[in-house]
Amino acid sequence: MIKARFALLTLFLALLSLPAFAQDEGFYIAGSYGALLVNESDGEKPSGDFAVDFDAGNALTFALGYDFGTKHPDIGVGRLELEVAVREIPLKETDFTGALATAEGDLEVRSLMLNSFGESRDNLPWIPYVGLGVGVAEMRLENATAGGAPFVDDTDVVFAFQAGAGVGFMVSDPLTLDFGYRFQGTTKPEFTAANGEKFELEHYSHLFLVGARVTF
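Residues numbered from 1 in each chain as written. Predicted model: local features only at pLDDT ≥ 70, side-chain atom pairs only at ≥ 80, totals over all residues. Heavy atoms only, no water.

1. Section: the packing of aromatic side chains
So the rule is basically this: In this analysis, rings of Phe, Tyr and Trp, with Trp reduced to its six-membered ring, are considered paired at centre separations within 6.5 Å, and the interplanar angle assigns stacked below 30 degrees, edge-to-face beyond 60, and tilted for intermediate values. Under the DSSP-based scheme used, a helix requires at least four consecutive residues in state H or I and a strand at least two consecutive residues in state E, with every element numbered from the N terminus. Only protein chains enter the calculation, and the probe is 1.4 Å; a residue is then buried if its accessible area is under 20% of its type maximum, exposed if over 50%, and partly exposed in between. Throughout this description, the term charge over a ring refers to an Arg CZ or Lys NZ atom that lies within 6 Å of the ring centre and within 35 degrees of the ring normal.
The full count for this structure, using the stated rule, is 13 aromatic pairs. Pairing Phe50 with Phe96 gives two aromatic rings, centres 5.0 Å apart and planes at 20°, and the pair type is stacked. Here Phe96 lies in strand S5 (residues 78-96) and Phe50 lies in strand S3 (residues 50-54), a separation of 46 residues in the sequence. A residue is classified by how much of its surface remains accessible, and Phe50, at 4% relative accessible area, is buried. Note on Phe96: relative accessible area 23%, which makes it partly exposed. An aromatic cluster is built from Phe50, Phe96, Phe151, Phe191 and Phe199, whose rings are joined through pairwise contacts. Residue placement shows Lys45 over the ring face of Phe50; its charged tip is 5.4 Å from the ring centre.

In structure tokens, the structure reads:
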């Protein structure tokens, strides 16, 4: 994640140094970094239900997309993109039938999403937008412990979906800063606990991000 943050910073500096070539439509690259809040997750296993709570995490996203500009009124004003994201969320505690225990380890979510955004460009340089996305997510619970005892070390791949909104600020014709929010959910991943018992865990997260994109 440290290397990824450095790569994102390098991308931002490169974007800021680009000259301003007027573009009404075209391909773009984008990157963002943000704070991540995750809902308490309810788990289901044969021996009984439980819950897992998380501390605040962080996320990095990179995207390659196409900006349709304003020349296609039949389609509308907006963008279509392929996004790769890595989310890291530290475990905080578990609750097994009222018995709270401190948890350690991280939930890592690596997702590949196809996103569609509708925009309004009536008040440039501000560009408000809303969007939806679908894709897949690899859910990793690695070396997680509960109360100091091994809990789970497993991975599953599930269907993922997200919705978001935000506002862009056009610094120059190719460069736009992005301030946004993403809600992401997945179907329930299935993990195998350290004792061999299988369980499912729900997942919903809230990402508050700042980023940049440049159109070619």
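After presenting the structure, the write-up continues.
2. Some points on the pattern of salt bridges
This is how it is decided: Here, a salt bridge means any Lys or Arg side-chain nitrogen found within 4 Å of an Asp or Glu carboxyl oxygen.
Taken as a whole and assessed by the stated rule, the structure comprises twelve salt bridges. One salt bridge in this structure joins Lys45 and Glu197, with 3.7 Å as the shortest N-O distance. With Lys45 in the loop between strand S2 (41-44) and S3 and Glu197 in the loop between strand S10 (190-192) and strand S11 (198-201), this pair connects stretches of sequence that are 152 residues apart. Residue classification places Lys45 among the partly exposed positions, given a relative accessible area of 21%.

3. Examining the side chain of Gln184
We apply this condition: Contacts are residue-level and defined by heavy atoms, with any inter-residue pair within 4.5 Å sufficient.
Secondary-structure assignment places Gln184 in strand S9 (residues 175-186). Relative accessible area serves as the criterion here: at 0%, Gln184 is assigned to the buried category. Once you skip the residues sitting within four places of it in the chain, Gln184 turns out to touch Arg87, Val109, Ser111, Met113, Phe161, Gln162, His203, Tyr204 and Ser205.

4. Brief notes about unusual backbone geometry
Of note, the bond from Leu124 into Pro125 is cis; its omega dihedral lies within 30 degrees of zero at 15°. Mapped onto the elements, Pro125 comes out in the loop between strand S6 (99-119) and strand S7 (126-146). Positive phi values are uncommon outside glycine, yet Asn143 reaches one of about 50°.

5. Structural notes on the pairing of S5
Filter applied, for reference: Two strands form a pair only when DSSP identifies at least two bridges running between them.
As judged from the five bridges shared by S3 and S5, these two strands associate in the antiparallel manner. Bridge pairing in S5 links Val52 to Thr94. Taken together, the ten bridges between strand S4 (residues 57-67) and S5 define a ladder with antiparallel strand orientation. Pairing of Asn58 across the sheet is with Glu88, part of S5. Where S5 folds back on S6, the antiparallel hairpin that results is connected by two residues, among which Thr97 adopts a positive phi of roughly 50°.

6. Describing empty space enclosed by the protein
Operational definition: In the cavity and pocket records, a cavity denotes points on a 1 Å grid over the protein atoms alone where a 1.4 Å probe fits but cannot get out, a pocket denotes an open set with protein on both sides within 12 Å along at least 5 of 7 lines, and lining residues are residues with an atom within 4 Å of a point. Grid points are joined across faces, edges and corners, and a volume is the space filled by probe spheres set on the points. Side-chain classes are defined by residue name, with Ala, Val, Leu, Ile, Met, Phe, Trp, Tyr, Cys and Pro counting as nonpolar, Asp, Glu, Lys and Arg as charged, and the others, Gly among them, as polar.
For the structure on display, the rule yields one cavity of 30 Å³ or more. Of the volumes computed, that of the largest cavity is approximately 170 Å³. As for the largest cavity, its lining consists of 16 residues, of which Ala30, Thr61, Glu81, Asp178 and Arg182 are closest to the centre. Only strand S1 (26-38), S4, S5, S9 and strand S12 (203-215) provide two or more residues apiece to the lining of the largest cavity. When residues of the lining of the largest cavity are assigned to their parent elements, the largest contribution, five residues, is made by S12. When the residues that make up the lining of the largest cavity are grouped by side-chain class, the tally is six nonpolar, four polar and six charged.

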